[in-house]
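# Geometric and topological summary
Okay, here's what each chain looks like letter by letter:
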Amino acid sequence: MRRFMFKLPSLRRGINHPVSFSLHLTVKYILSTFLPFMLITYFLVRLIIFHQTQDILRTTQSHLASLARNVSIYLTELQQVTLMPYYDENFSYYLSQSNESQTLSFLEKQKIRQSLRNTIDFIRFTRSDIQNVVIVNNQNCLFYSTELLNAIPQDGYDYEKEDWYQQAIAADGKVLMVPVHRPAYFGEDSLPVFSLVRSLVNLQTRVPYAVIKVDATTAVFEQFLHEVDFYVAGNLYLFDSNQHLIYTNAADEEDRAWLVSNAAEGEDQIRDGGVTLLHQSVEAEPFGWQLHVLIDQSAVFDKQQIVYGAAFSLYLVGVALALVSYLGLSRKMVRSIASISECMESLTKGNFQKRYVPIKHDELAFLGDKVNDMARQLDELIQREYVSTMRRQEAEMRALQAQIRPHFLFNTISGLIALNQLHKTDELENALFSLSSLLRYVVHSETMVTLNDELKFARHYFELQKLRFGNKFDYVIRCDGEKTLQLRLPRLLLQPYWENAIIHGVEPCQHHCVIATEVSHTGQNITIVIEDDGVGFDADSGRGVGMLNSEKRLQAIYPTGRVVVYSMRGQGCRITLQIPEADL
């Protein structure tokens, strides 16, 4: 049996590098997933942090409102202490007589003091927060009670010069708040306190006869403000109505206190240098005291770093798994391509018994099956033709070669390998699809096909030819109607004309070429025009065997159909097929 020999470039050149292909797939996977993944993670975390911040602010506002009510209740109770002299008529009488103490006997003075002590000491002993209680009139301390050991008011201390005394007298019996201070009349050993003062007046004449001053420590605020949990670290600040700091749980009492006191109403963020602080405030009505809380926003953002770290770790695990998967996949793919290439090399040497053994059932296995089918059918055709006459054998072989030339497949496989080496995955996938569709059409299509099938074949054929010629040519396919596409034609009738345009028009040409295929329904004919602007040829020198066979096949189906060839050297070639409607 005659063996058909074809020269083929080394098909195995450059395919022994599966690692580079796998790395290419991995890099592409990372580039196509990392940025979207991180963007989604970033915006999702920002959304979570935003809602978490809002929840913290709402929770903080609720806590502050509750604390403000406690402060108001406490101040209201403390305010009641300054009204105790009015609750006992005898006590009020004795106190009103204190201005006339010079007329009282020693026993009467003792009676007044004992009455005052019984009432005031009872109040002080039942409340651990009250440090001192004094009742003064001008420069006289009518009575005092204190928790300070061995502490007595200074003799001759001028209470009248104190601002709190003057303001109490002017307030006409209304209670006033005195910010944190040290009572000077008890000396340097006195502790910091805040005070409530009220003038004790004659309820009928409104004439003041003394001032009561209740000194309270800030320890009570420590009890119900220090352990407040805002779910994140925060500092509380309590200011009186004159913006004097009463209490804070901050380590440094002055730490950011001035920022809080100067914060605008409703301002929910405060900048302290490069630090952003979340700010909430509530007023303790009706006293005008204000509770403020500052939360370092970085404490909230620290939680998002945990989410970012977890997300990135999961992504790295995904990349590692993808890398392992791609390494295995690429090795199998390269081995499949090498095996197909080996089968094609055997075909070039006339060994049609060589078969491709699929490694895995995938697209390449399907392509390998088509190569096996092609080899088997080629073997069957050759065997059948050698039994028949030599003339028919030669004619049939030429027709077979016109349908699908082996060197076209070899060049196509070489192009596929080149795409793999260049890591052009998308182009490699499209080329494999085109070759698979072309082989399926050649091997399994019916003898008679539609014009639409032929044009689809043309697109796959030209796309595969572009693997070899690149941008040296472009192709255009136009058809004027769906009905025309249903025209029945012998399979691969137009392939020799397209191949002629490639081999004799584009390949020897030095400039960019265009191959145009146009189908139109004009008058009583369906016209198919295949035209190129390549180098052209002398039409008088005759036509090739493939073109003559196609003309005979056309006329066998459509007897009055004809083929007109116009070509001149340097002006391209125009082939017109005309099929009368009467033959349809």
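A brief structural summary. (Residues numbered from 1 in each chain as written. Predicted model: local features only at pLDDT ≥ 70, side-chain atom pairs only at ≥ 80, totals over all residues. Heavy atoms only, no water.)

### As for the overall build of the chain
Operational definition: A helix here means a DSSP run of H or I that spans at least four residues, while a strand means a run of E at least two residues long, and both kinds are numbered starting from the N terminus. Note on contacts: a residue pair is in contact if any heavy atoms of the two residues lie within 4.5 Å. The Shrake-Rupley method, run with a 1.4 Å probe sphere, supplies the accessible areas, and residue values consider only the shown protein chains as cover.
Assigned secondary structure in the chain consists of 16 helices and 17 strands. For the chain, contacts bridging at least 24 residues in sequence account for 65% of all contacts bridging at least 6. By element, 53% of the accessible surface of the chain is carried by carbon and sulfur atoms, the whole surface being about 30500 Å².

### Brief notes about the pattern of salt bridges
Note the cut-off: When a carboxyl oxygen of Asp or Glu is within 4 Å of a side-chain nitrogen of Lys or Arg, the pair counts as a salt bridge. The classification of residues rests on relative accessible area computed with a 1.4 Å probe and restricted to protein chains. Under 20% of the type maximum is buried, over 50% is exposed, and intermediate values are partly exposed.
Summed over the entire model, instances satisfying the criterion amount to seven salt bridges. Between Asp 373 and Arg 376 there is a salt bridge, with the nearest N and O atoms lying 2.2 Å from each other. Highlighted residues: Asp 373 and Arg 376, both in helix α9 (residues 363-387), separated by three residues, approximately one helical turn. Judged by its relative accessible area of 14%, Asp 373 falls in the buried class. Two residues, Lys 466 and Asp 474, come together in a salt bridge whose shortest N-O distance is 3.3 Å.

### Notes on the side chain of His 279
Inspection of the secondary structure puts His 279 in strand β9 (residues 275-284). Judged by relative accessible area, which is 2%, His 279 ranks as buried.

### Details of the sheet that holds strand β5 (residues 208-216)
Sheets are built from strands paired through backbone hydrogen bonds, the pairs being either parallel or antiparallel. Quick reminder of the rule: Here the rule is simple: two strands pair whenever DSSP picks up at least two bridges between them. In this analysis, axes come from line fits to C-alpha atoms, helices being fitted only over the stretch in contact, and the angle between any two N-to-C directions falls in the range 0 to 180 degrees.
One open sheet accounts for five strands, arranged β2-β1-β5-β4-β3; its pairing is antiparallel. Whereas interior strands pair on both sides, the edge strands pair on one side only; in this sheet they are β2 (140-146) and β3 (176-181). When the angles between neighbouring strand axes are averaged without regard to direction, this sheet yields 20°. In terms of strand pairing, strand β1 (residues 130-137) meets β5 through six bridges, oriented antiparallel. Its bridge partner being in β5, Val 134 is matched across the sheet by Lys 213. Packed on one face of the sheet, helix α5 (residues 163-170) meets β1, β3, β4 (193-201) and β5 and runs near 125° to β5.

### Some details on the pairing of strand β6 (residues 234-239)
Examined bridge by bridge, β6 and strand β10 (residues 289-296) share six bridges and lie antiparallel to one another. What sits directly across from Gly 234, in β10, is Ile 295. Strand direction decides the pairing type here: β6 and strand β7 (residues 245-248), joined by three bridges, are antiparallel. By the bridge assignment for β7, Leu 238 is matched with Tyr 247. Here β6 folds back onto β7 in antiparallel fashion, the turn holding five residues, of which Gln 243 has a positive phi close to 60°.

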